[in-house]
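What follows is each chain in one-letter form.
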Amino acid sequence: MVFKRLKRKITNYPDFWLAYIDSFDAKKKASIENTRFVAFDTETTGFDRKKDRILSIGAVSFTGKSIEVNKSLELYLEQNIFKPETVQIHGLMKNGYEEKISELEAIKVFLNYIKDAVLIAHHANFDKTMVNQMLLRHGLGELKNDFIDTGVLFNKSKHIIYKESLKEKYSLDDLCKELNVPKVDRHTASGDALITAIVFLKILSRLDKRKHLEWGYLLSK
Amino acid sequence: MKNSIAERVHDFLKIYPPFNLLKSDKLLEISEEVVIIYLEKGDILFKAGDSFNEHFYMVRDGAISLNHTNNDIQEIVSMSDTGDVFGVRPLIAQENYKLTATAHEESIVYAIPIKGFQLAAENNSKVYKYLITAFATNAYDSYTTRENNEIFVDYLPNNSQDIANFQTANYTKKPVTCSEKTMLRDAAIKMSALKIGCIIVIDKEKKPVGIITNSDIKNKIATGKYPIETSVTNIMSSPVITSRKDLTIADGQLQMIKHNIGHLCITKDGTVNSKLVGVLSHHDVLVTLGNNPTVILKEIKRATRTKKLRTVRLKGNTLLKSYLEQNIPLTHIIKVISQINDAVTFRAIEIALLKMPTPPPVKFSWLALGSQGRKEQLLFTDQDNALVFEDVAKDKYEETQAYFIELAKYVTKSLNKIGFEYCEADMMASNPEWCKSISEWKNQFGNWILKPDEKAVLLSSIFFDYSRIYGDEGLVNELSDTIFKTLKNTSLFFKFLGRDAIKSPSPLGFFKQFLVEQNGEQKDLFNIKSRGLMPLIDAARLLILSKHVKGVNNTSERYEKLAELEPNNKELFESCSYAFKALSKFKAKQGLLHNNSGKFIALETLTKEEKLKLKRCFKPINEIQETLKFRFDLKNFM
């Protein structure tokens, strides 16, 4: 504890970061049904973690199986980098009508939103990296949350006889198809976040049937 | 702040009443307050007696059933589908819920805030009118109870009626007859005088040769097709359908539906070549029963939509429950339920075929696998099915397969709606791996048999129990023939199957205590499927295959067949057959009790007597496993 405080002083972190870090202090592993999850997705200018930037973050949070629409998060970020070729994917234009905020402001809101929740994303490594890069640019640490990748989790839920024919990477579209999830608003950050949340809940119920619903199993790679 | 999710919720709501009656901006405000709820099959959204909450609901995906419990009998009052509104009692009446809302299948539900909705709908009489109608349809009070009882009469089986299904039919012992030489006019006068609807034409030896009913006279005489002075042989329906004296009501009605007739002639030995002893009319059947499985079968045949099939199939569960309660022989129960399941699948395929743009390009068969293939499926289980189609030229293959996959997708989707969950392992005809030409299937089975490995054995244990539900019989026979021919060339495959069949040891532990599942939430639960049923099913399959017996798929029937083939092991095989039936019954009862597959049994819920009964079933499991070890020389193969 003492060490932590020292560290804070040394590095002079802003208050919102400290609040974020503090939210983990009281953390004791809750049961799965009592855990707050946040499913999120980012739309970016591309796949280069150094050069590319986040244009939009969408997130939904839930505990249990209910997702409250008014507690969802949808952020549009002001960025200097713009790549016309990605517009056709996410539909976000340079001077679009969405109300945009600065990257730092977005970080503040996002961290305050996620707190210590377990984060869920499809191909989570990418979103995690992009967010971490953004945090680094503003002199902050990396995300401390536990992560669950729906792509990895889906593989775990597949029946043993298909283990050898599993794809390395399932796209979110693949999962929608396999799990019968309506594809609404694909390729917007919050649309994808909601789809990811539903995909996650569906996989969870599959795993539950096979009694593989344990933290170790969910979080392990 | 922009909220795209709320916009999408809004886009969905606005197509359905009553939301289509609201102004767009108001609806968007409501949409922002919606809660999206994911429900697994069987999850309860609210229970009868729960105090009302701040929401009412709309189904986004899936289906929610509203139930009422009456003297421990679950009655389905209504079923809500995509776009249906339910749970509006708090909105209308501010009262506690009177029904229980359960996810009938995996569902996504929108919870709509009542307050926000009331604000937006203020003074909109159309909106309230719609809701009150919706409320009245789903309500359950003393007035609607009476109404619902009529609508859902088949959900409320009367015990005495169901028992009647298995009673010997009460047929007319002295049927009215006439000779072949009789003139129609005389026969009609006789019918009229005796106030009866049919007369049987018999020959000199009193064997039935034909039947004349009211409709024959209407259709053939009154239309002027034949003069009134014609011989009865000219207008009688012939030959007649006959049956034996000891037929049950259920059998009788099945025959009538099968042949589309209203009268069955009962003869001395059951064939047309013996003396007529009575007549069973449709009326006789209806008098004996109100509702029964054959009514269900008839409804299935007439269903034109999946939704209807689902409603009808649900009655099967109610039927099953009452059968189990009445201790009707399990063999009968299994037959009836299997028939219902097969008929539902058959009808689902027929409906799917209508949805296809063209008729099938070549012959095909739809196969049921696993428990449905063995015809021993009592509760809803996962779907396991496959499709085989005729060989086509190489360049046509892809196109042909694509056609059948599309067909299969329609079928599996509607089976899922009906209540058969998608196979977790995707062993369904909609998967290209399980939708192949006959040659490819032969290859596939050949590979499994000649190059067995763990996976092959796992798959064959499911695929070897196939049975045809729909389509060409020739294809299936051809496949079976090839399989049995291939089986003659191997003994290794039998060893693999054998190893699989004994891997789960008989559950009588060292201290004669139950071995219960060691891990996770199923601790203290006994897995009756893997520990009890599977070893018996696996052993029966192996033994019957090794004897090259074709066409006996049912586990208990397999044991009975084995008892016949090996008289010196008769006792063991018969006790296996008994144990299988007893365990199936256990599983079905538990499943109905908890509204699941019944796979896991909480030991503390069993009575002492039930525990003893269960234990008694394990002895033959142990013995049959020992037999397999010896017979297939498995000791060194483990």
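Everything below is about the structure shown above.
Quantities reported herein were computed from a predicted structural model and do not represent experimental measurements.

Caption draft 1: Examining the overall build of chain A more closely. If you tally the helices and strands in chain A, you get 9 helices and 6 strands. Taking all 221 residues of chain A together, the buried fraction comes to 51%. In chain A, the share of contacts with a sequence separation of at least 24, taken over all contacts with a separation of at least 6, comes to 69%.

Caption draft 2: Expanded view of the pairing of strand 14 (residues 276-281) of chain B. All names here are of chain B. Most of strand 14 sits out of view: 5 of its 6 residues are buried. Here strand 13 (residues 263-267) runs beside strand 14; their pairing, made up of 5 bridges, is antiparallel. Counted as the bridge partner of His263 is Ser281 from strand 14.

Caption draft 3: Region of interest: the packing of aromatic side chains. Summed over all chains, the structure comprises 34 aromatic pairs over all chains. On the basis of an interplanar angle of 90° and a centroid distance of 5.3 Å, the ring pair of A:Tyr20 and A:Phe24 is categorised as edge-to-face. Both residues of the pair, A:Tyr20 and A:Phe24, count as buried. Centre to centre, the rings of A:Phe40 and A:Phe147 are 6.2 Å apart; their planes meet at 65°, and the pair counts as edge-to-face. Note that A:Phe40 is positioned in strand 1 (residues 36-44) and A:Phe147 in strand 6 (residues 147-149), a separation of 107 residues in sequence. On the basis of relative accessible area, A:Phe40 is assigned to the buried category, the value being 0%. One aromatic cluster is present, formed by B:Trp434, B:Trp441, B:Phe445, B:Trp448, B:Phe464, B:Tyr466, B:Phe493, B:Phe494 and B:Phe632 through successive ring pairs. Residue placement shows A:Arg36 over the ring face of A:Tyr113; its charged tip is 5.4 Å from the ring centre. Directly above the ring of B:Trp441 sits B:Lys436, whose terminal nitrogen or CZ lies 5.3 Å from the centroid.

Caption draft 4: Representation of the side chain of A:Arg53. All names here are of chain A. One can find Arg53 in the loop between strand 1 and strand 2 (54-63). Although Arg53 is buried, it forms no salt bridge, and the closest oppositely charged side chain is Glu103 at an N-O distance of 4.6 Å. Side-chain polar atoms of Arg53 contact the backbone oxygen of Lys50, separated by 3.1 Å. Side-chain polar atoms of Arg53 contact the backbone oxygen of Lys51, separated by 3.4 Å. If near-sequence neighbours (up to four positions away) are discounted, Arg53 is found in contact with Glu43, Thr44, Thr45, Gln79, Ile81, Glu103, Met130 and Arg137.

Caption draft 5: How the structure looks around the pattern of salt bridges. Residue and element names in this part refer to chain B. Evaluation of the coordinates by the stated rule reveals 36 salt bridges over all chains. A salt bridge links Lys307 to Asp81; the shortest N-O distance between them is 3.6 Å. Taken together, the residues span a long stretch of sequence, with Lys307 in helix 14 (residues 306-325) and Asp81 in the loop between strand 5 (73-80) and strand 6 (85-86) at a distance of 226 residues. Judged by its relative accessible area of 12%, Asp81 falls in the buried class. The partner of Glu105 in a salt bridge is Arg310, and the shortest N-O contact between them spans 3.2 Å.

Caption draft 6: Just the interface of chain A and chain B, in detail. Contacts between the two partners involve 33 residues from chain A, matched on the other side by 37 residues from chain B. The interface formed by chain A and chain B contains 3 salt bridges. Between A:Lys65 and B:Asp43 there is a salt bridge, with the nearest N and O atoms lying 2.6 Å from each other. The interface formed by chain A and chain B contains 12 residue pairs in polar contact (both at pLDDT 80 or more). Counting residues per element, the side of chain A that touches chain B draws most heavily on helix 8 (residues 189-209) of chain A, at 9 residues.

Caption draft 7: Seen up close, the sheet that holds strand 10 (residues 198-202) of chain B. Residue and element names in this part refer to chain B. An order of 9-10-11 is seen for the 3 strands of this open sheet, with the pairing classed as mixed. Two strands in the sheet have a free side with no partner beyond their single neighbour: strand 9 (177-179) and strand 11 (208-213). On average, each strand axis in the sheet is tilted by 30° relative to the strand beside it, whichever way the strands run. As paired elements, strand 10 and strand 11 share 5 bridges and run antiparallel to each other. Within strand 11, the residue paired with Ile199 across the bridge is Ile212.

Caption draft 8: Representation of a positive patch on the surface within the structure. Residues B:Lys206, B:Lys245, B:Lys268 and B:Lys275 make up a contiguous surface patch of positive charge. Structurally, B:Lys275 can be placed in the loop between strand 13 and strand 14.

Caption draft 9: Seen up close, a negative patch on the surface. Residues and elements named next belong to chain B. Negative charge collects at one region of the surface, where Asp25, Glu29, Glu32 and Glu33 lie side by side. Inspection of the secondary structure assignment puts Glu33 in the loop between helix 2 (24-32) and strand 1 (35-39). Relative accessible area serves as the criterion here: at 38%, Glu33 is assigned to the partly exposed category.

Caption draft 10: A look at the sheet that holds strand 12 (residues 242-243) of chain B. The sheet built from 3 strands is open, its strands ordered 12-13-14 (chain B) with mixed pairing. The open sheet has two edge strands, strand 12 and strand 14 of chain B, and neither has a second partner.

Caption draft 11: Geometry of the pairing of strand 15 (residues 364-368) of chain B. All names here are of chain B. Counting buried residues in strand 15 gives 5 out of 5 residues, a clear majority hidden from the surface. On strand 15, burial covers both faces: Phe364, Trp366 and Ala368 on one face and Ser365 and Leu367 on the other are all buried. In this structure, strand 15 lies alongside strand 16 (residues 385-389), joined through 5 bridges in antiparallel fashion. What sits directly across from Leu367, in strand 16, is Ala386.

Caption draft 12: Broad picture of the packing of helix 23 (residues 555-565) of chain B against helix 24 (residues 570-594) of chain B. Residue and element names in this part refer to chain B. Interhelical geometry of helix 23 versus helix 24 gives an angle of 170° and a closest axis separation of 8 Å. When the axis of helix 23 is compared with that of helix 24, the two are roughly antiparallel. Between helix 23, through Thr555, Ser556, Tyr559, Glu560, Leu562 and Ala563, and helix 24, the contact on the second element is made entirely by Lys570, Phe573, Glu574, Cys576, Ser577, Phe580 and Lys581. Counted by class, the contact of helix 23 with helix 24 contains 6 nonpolar, 3 polar and 4 charged residues.

Caption draft 13: View of the nonpolar core. Among the nonpolar cores identified, the biggest contains 68 residues, and B:Trp441, B:Phe445, B:Phe463, B:Tyr559, B:Leu583 and B:Leu628 are the most heavily contacted of them. Leave out the neighbours within four places in its chain, and B:Leu583 touches B:Ile528, B:Gly532, B:Leu533, B:Leu536, B:Leu614, B:Cys617, B:Phe618 and B:Ile621. Membership of the second largest hydrophobic core comes to 56 residues, among which are A:Phe37, B:Ala6, B:Val85 and B:Val88.

Caption draft 14: The state of the cysteines, seen in detail. The tally for this structure, following the rule as stated, stands at 0 disulfides over all chains. Between B:Cys198, a free cysteine, and B:Cys265, which holds the nearest cysteine sulfur, the sulfur-to-sulfur gap is 7.5 Å.

Caption draft 15: How the structure looks around unusual backbone geometry. With omega at 0°, the peptide bond leading from B:Pro17 into B:Pro18 counts as cis. Structurally, B:Pro18 can be placed in the loop between helix 1 (4-13) and helix 2. Backbone torsion omega between B:Ser238 and B:Pro239 reads -5°, so that peptide bond is classified as cis. Looking at the secondary structure, you find B:Pro239 in the loop between helix 10 (232-235) and strand 12. Although it is not a glycine, A:His123 adopts a positive phi angle of roughly 55°. Of note, A:His123 is situated in the loop between strand 5 (118-121) and helix 5 (124-137).

Scoring rules and cut-offs
- Residues numbered from 1 in each chain as written.
- Chains lettered and ligands numbered in written order.
- Predicted model: local features only at pLDDT ≥ 70, side-chain atom pairs only at ≥ 80, totals over all residues.
- Heavy atoms only, no water.
- Helix = DSSP H or I, 4+ residues; strand = E, 2+ residues; numbered from the N terminus.
- Buried < 20%, exposed > 50% of the residue type's maximum accessible area, 1.4 Å probe, protein only.
- Contact = heavy atoms within 4.5 Å.
- Pairing = 2+ DSSP bridges.
- Phe/Tyr/Trp six-rings, centres within 6.5 Å; stacked < 30°, edge-to-face > 60°.
- Lys NZ or Arg CZ within 6 Å of the ring centre and 35° of its normal.
- Lys, Arg positive; Asp, Glu negative; His and termini not counted.
- Salt bridge = Lys/Arg side-chain N within 4 Å of Asp/Glu carboxyl O.
- Polar contact = N/O pair within 3.5 Å; in protein donor to acceptor, adjacent residues only side chain to side chain.
- Axes fitted to C-alpha atoms, helices over the stretch in contact; angles between N-to-C directions.
- Patch = residues over 30% accessible without salt bridge, like charges linked within 9 Å, V, L, I, M, F, W, Y side chains within 5 Å.
- Areas by Shrake-Rupley, 256 points an atom, 1.4 Å probe, with all protein chains shown as cover.
- Charge placed at Lys NZ, Arg CZ, Asp CG, Glu CD.
- Parallel < 35°, antiparallel > 145°, perpendicular 65-115°, else oblique.
- Nonpolar A, V, L, I, M, F, W, Y, C, P; charged D, E, K, R; others polar.
- Core = buried A, V, L, I, M, F, W, Y, C linked by side-chain atoms within 4.5 Å.
- Disulfide = S-S within 2.5 Å.

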